[in-house]
Amino acid sequence: MITSHRKDEFLNWVKELLYHSFVLGNKKDSYLETMGYIEMLVEEHRSLRGEGSRLKALVPSVSHFHTRLHLKEAFDMYDEKYAVTQRRHLAPTFNEIRHILNLSQLIGIGTKLKFVSFDGDQTLYSDGGNFEEKSGLSYQIIELLKAGIIVCVITAANYQHDGSKYEVRLAGLLRRFIKANLGSEEIERFHVMGGECNFLLQCKKFKLSDGERNACSRYEHKARLVPVEHETWQSEQFDAPKPYKWDKDKVQAFLDAAESSFRQSKVDLRLRTRIIRKATSVGMIPGGEAMVGEVPNGHGSLKIKAEALDEVVLRALDNIQDLPEELKQLHYCAFNGGRDCWVDVGTKGVAVEALQAYFDIPKHGCLHVGDQFLQTGNDISARNTCATIWITSPKETFKILDHLLRFSLGMDKVDRAAAAAKADDLEELSLSPATSPRKTPPMPPTMDVYTGELIAKDDKAPI
Ligand code: IMP
Ligand code: MG
């Protein structure tokens, strides 16, 4: 069975090495010695910039590490909490190694942190969902902004420069910014990059008119997402990729090829799906009721199975290999988004690189948090440009941010975020409609997250 696209060679290698310690009596010292050895190999790999390192020979697909990995310390910390070395029947698992590597990365970046980027779907909110106002992540993000850290959501979701669409996805967070009374300077540290690396927007604080306040808000201000001109963040003065200058004909020829690969897969795999095309991407999404008639013997009208999504992506990647060199050279990613799959021109790695130049931040001061680090994922490209954290759900992001606040900003910031969350919970409990004249904000419009089209109330959602 071909499942190599679901493997991470470095993590598997660490797991195998630790298995020896498990078999040889599960002694903590043995694990720490192994972790110390890997830490030394990683340092050697870093100092040689990968050229001829022993680690590269052992794990050929290993990429660059932008900060030191504190593997011994992280293992010790993890074991103190989860008593891994007390187990008799279960060796450390892949997910535990992932958590330990994440921890070692957070310790490594520590107070050097200047920039954090987050993937959107499945990192800040569930796939296809929106950032809910009650999400605990908002308090932690607010602490980052207050501490002078630049925060950017780098998402594949592509609504071009239309801030109102990204505002729908992030409505809960933007309201929390206002509720926390962030100043303009703090709010303006928050950015959104849409379409992988193609559209940058900045958060700004606007005063509401009396009319707007009466209609919808109990606050005097609103946080909005405003486009940053391509010429500004991709200015000639920055030595970084400039997506808006990529040859439009080549981009379209590349997407034509990706689209025809998707169309062929749709036929071959009997998929009841829809294919959508945008300026820098092509996607396959569940086709809805309408496709049942069109493909009577098939699947994928409501949910496309994971195997089909991976197959469609791997076929697209294969077909891209047959394209002329000048098209293959474009920056692109092909990924399984969980419910859909896409080929995008542009990558999150390009986004991080361009933003590092724009904000003048060194690689070792940046961190990207995401859920898609397999070969069929779209966060993996960020590994080339900064330290990365691999999570699998917004719940894990919450834990990571607690550690990040602690290691990078100090324990008091963790406590402050927790206290703010608690105070809000209490306030909301005490504000029942009977006791409070509080105006409830209007429900954000329902939007098709794939296309950004608004869905009229009596329309059926597309899936
Ligand atoms: P991310 O996890 O934040 O990078 O968002 C990925 C999701 O964005 C995909 O799974 C899609 O549901 C959605 N999306 C909307 N428009 C696009 C697009 O043009 N390209 C890729 N993904 C898109
Ligand atoms: Mg994601």
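As the structure is a prediction and not an experimental result, all values here were calculated from the model.

On to the overall build of the protein, then. Counting its regular elements, the protein contains 17 helices and eleven strands. Relative to a compact globule of 463 residues, whose C-alpha radius of gyration would be 23 Å, the protein shows 23 Å and is just as compact. Overall size of the protein, expressed as C-alpha extent along the three principal axes, is 70 × 55 × 50 Å. The buried share of the protein, reckoned over its 463 residues, is 41%. The contacts in the protein between residues at least 6 apart in sequence include a share of 69% that link residues at least 24 apart.

On to the sheet that holds strand β2 (residues 150–154), then. Taken in spatial order, the seven strands of this open sheet run β5-β4-β3-β2-β1-β10-β11, and their pairing is mixed. Only two strands of the sheet have a single partner each, and these edge strands are β5 (221–227) and β11 (387–390). Averaged over all pairs of adjacent strands, the angle between their axes in this sheet comes to 25°, without regard to strand direction. Bridge analysis of strand β3 (residues 190–194) against strand β4 (residues 199–207) gives four bridges, and the strand direction is antiparallel. Along β4, the bridge assignment pairs H191 with Q202. Across the sheet, helix α5 (residues 94–109) touches β10 (366–370) and β11, and the angle it forms with β11 is around 145°. Against the sheet, helix α7 (residues 163–179) engages β2, β3, β4 and β5, with an angle of about 140° to β5.

Structurally, the protein comprises domain 1 (4–110), domain 2 (113–243 + 348–439) and domain 3 (247–329). Using only C-alpha atoms to locate each centre, domain 2 and domain 3 end up separated by 30 Å. The interface of domain 2 with domain 3 comprises four residues on the first partner and six residues on the second.

Next up on the list: the sheet that holds strand β7 (residues 281–286). Through backbone hydrogen bonds, the strands of a sheet pair up, either in parallel or in antiparallel fashion. Spatially, the four strands line up as an open sheet ordered β6-β7-β9-β8, and their pairing is antiparallel. Two strands bound the open sheet, and with one partner strand each, they are β6 (273–277) and β8 (332–336). Averaged over all pairs of adjacent strands, the angle between their axes in this sheet comes to 15°, without regard to strand direction.

Further remarks concern the pairing of β11. Where burial is concerned, the two faces of β11 agree: the one with A387 and I389 and the one with T388 and W390 are both buried. Sheet topology places β10 next to β11; four bridges connect them, and they run parallel. Note on β11: the bridge partner recorded for V369 is I389.

Inspection of the region around ligand 1 gives 20 residues, with G120, D121, T155, N158 and G337 positioned closest. For the shell around ligand 1, the secondary structure elements donating two or more residues are β7 and β9 (341–345). When the residues that make up the shell around ligand 1 are grouped by side-chain class, the tally is five nonpolar, ten polar and five charged. Two domains each donate at least three residues to the shell around ligand 1, and these are domain 2 (113–243 + 348–439) and domain 3 (247–329).

Take the nonpolar core next. In this structure, M193, A258, V312, A351 and L367 are the most contacted members of the largest nonpolar core, which totals 104 residues. The element that contributes the greatest number of residues to this core is α5, accounting for seven residues. Leave out the neighbours within four places in its chain, and M193 touches C152, I154, F199, L200 and A351.

Here is what the cut-offs are and how they apply
Residues numbered from 1 in each chain as written. Chains lettered and ligands numbered in written order. Predicted model: local features only at pLDDT ≥ 70, side-chain atom pairs only at ≥ 80, totals over all residues. Helix = DSSP H or I, 4+ residues; strand = E, 2+ residues; numbered from the N terminus. Rg over C-alpha atoms; globule rule 2.2 N^0.38 Å. Buried ≥ 20, exposed ≤ 12 C-beta atoms within 10 Å, placed from the backbone. Contact = placed C-beta atoms within 7 Å. Pairing = 2+ DSSP bridges. Axes fitted to C-alpha atoms, helices over the stretch in contact; angles between N-to-C directions. Domains from an automatic or database assignment. Near = placed C-beta within 6 Å. Nonpolar A, V, L, I, M, F, W, Y, C, P; charged D, E, K, R; others polar. Core = buried A, V, L, I, M, F, W, Y, C linked by C-beta atoms within 7 Å.

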